[in-house]
Amino acid sequence: MKLTAKGRYAVMAVADLAAQGVDACESLSAIGARQGISVTFLEQLFAKLRRAEIVESVRGAQGGYRLARPAAKITLDRIIHAVDAQPKAHGCTPEAKLGCTGKTDRCLTHSLWGALEDHIGNFLSGITVQDVVDERLPILEAAE
């Protein structure tokens, strides 16, 4: 399972912004200092988040970024998709001419990994930034 640094850090940064309060406007350097993320990397992420209308920029001496909508309306899958960081469980893509095995056929577990990706997508689409801030996350039952 691979979730890129872009996806992880984008979720961290947006959650950090939400944790500062409704209509909080924060500089990337403040977010970066709290979360241990470089400002250069945050600039790349926030450009994509702004285009996806997840955050908006505020100009001026007290400028920075704020959420473009309430944290309870922003799901984690939207953030991850905005920064081009789709979680992948297998190396195949639907448009690939070769299957998982490097031949024309798929590997034996192809459908399993596809189902896992779907499950992760559904999981992330059901969690909002506000859920993360409030630590209201689903608890998965441990297998006995």
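Cut-off values and rules
Residues numbered from 1 in each chain as written. Predicted model: local features only at pLDDT ≥ 70, side-chain atom pairs only at ≥ 80, totals over all residues. Heavy atoms only, no water. Patch = residues over 30% accessible without salt bridge, like charges linked within 9 Å, V, L, I, M, F, W, Y side chains within 5 Å. Areas by Shrake-Rupley, 256 points an atom, 1.4 Å probe, with all protein chains shown as cover. Salt bridge = Lys/Arg side-chain N within 4 Å of Asp/Glu carboxyl O. Helix = DSSP H or I, 4+ residues; strand = E, 2+ residues; numbered from the N terminus. Buried < 20%, exposed > 50% of the residue type's maximum accessible area, 1.4 Å probe, protein only. Expected span 1.5 Å × (residues − 1). Contact = heavy atoms within 4.5 Å. Pairing = 2+ DSSP bridges. Core = buried A, V, L, I, M, F, W, Y, C linked by side-chain atoms within 4.5 Å. Lys, Arg positive; Asp, Glu negative; His and termini not counted.

Undergrad: What am I meant to see in a nonpolar patch on the surface here?
TA: On the surface, Leu112, Trp113 and Leu116 cluster together into a nonpolar patch covering about 250 Å² of accessible area. Assignment of secondary structure puts tryptophan 113 in helix H5 (residues 110-125). Note on tryptophan 113: relative accessible area 32%, which makes it partly exposed.

Undergrad: Is there a simple way to explain helix H1 (residues 5-19) in this structure?
TA: Counted at 1.5 Å a residue, the expected span for H1 with its 15 residues is 21 Å, and the 21 Å between its end C-alpha atoms agrees. Looking only at H1, the buried set comprises Gly7, Ala10, Val11, Ala13, Val14, Ala15, Asp16, Leu17 and Ala18. For H1, the elements touching its buried residues are helix H2 (28-35), helix H3 (39-51), strand S1 (55-58), strand S2 (64-67), helix H4 (76-82) and helix H6 (129-133). Looking one or two residues past H1, glycine 21 carries a phi angle of roughly 115 degrees, positive in sign.

Undergrad: When you look at the environment of alanine 52 in this model, what are you seeing that I'm missing?
TA: The residue alanine 52 is located in the loop between H3 and S1 in this model. Its relative accessible area of 24% is what places alanine 52 among the partly exposed residues. In this structure, the C-alpha to C-alpha distance between alanine 52 and isoleucine 79, residues 27 residues apart in sequence, is 8.3 Å. Filtering out sequence-adjacent residues up to four positions away, alanine 52 remains in contact with Arg78 and Ala82.

Undergrad: Looking at this model, I keep getting lost on the pairing of S1. Mind explaining?
TA: A regular strand places its side chains on the two faces of the sheet in alternate fashion. Bridge count for S1 against S2 is four bridges, and the pairing is antiparallel. When the bridges of S2 are listed, valine 55 appears paired with leucine 67. Hairpin connection from S1 to S2: five residues lie between these consecutive antiparallel strands, with glycine 60 at a positive phi of about 110 degrees.

Undergrad: Whenever I open this one, the pattern of salt bridges confuses me. Can you help?
TA: Charged atoms that come close allow side chains of opposite charge to pair. Applying the stated rule across the entire model yields six salt bridges. The closest approach of N and O atoms between glutamate 56 and arginine 66, which form a salt bridge, is 2.8 Å. Residue glutamate 56 is found in strand S1, and its partner arginine 66 is found in strand S2; the two are separated by ten residues along the sequence. We classify arginine 66 as partly exposed; its relative accessible area is 30%. A salt bridge links aspartate 131 to arginine 136; the nearest nitrogen and oxygen atoms lie 2.8 Å apart. Residue aspartate 131 is classed as buried on the basis of its relative accessible area of 12%. A single salt-bridge network, built from bridges that share partners, covers Asp16, Glu26 and Arg34.

Undergrad: So what exactly am I meant to see when it comes to the nonpolar core here?
TA: The nonpolar side chains of a soluble globular protein tend to be buried with one another. Membership of the largest hydrophobic core comes to 30 residues, with the highest contact counts inside it found for Phe46, Leu49, Ile79 and Val129. Counting residues per element, the ones that place at least two in this core are H1, H2, H3, S2, H4 and H5. For this core, the leading source of residues is H1, giving seven residues. Every residue in contact with valine 129, bar those within four places of it in the chain, is listed here: Val14, Ala15, Ala18, Ala71, Ile74, Leu76 and Ile79.

Undergrad: Even after reading the chapter, I still don't get the side chain of aspartate 77, so can you show me in this structure?
TA: Residue position: aspartate 77 is located in helix H4. Despite being buried, aspartate 77 has no salt bridge partner; arginine 78 is the closest side chain of opposite charge, sitting 6.6 Å away. Other than its neighbours up to four places away in sequence, aspartate 77 contacts Gly121, Leu124 and Ser125.

By themselves, these figures tell us nothing about what the structure is for.
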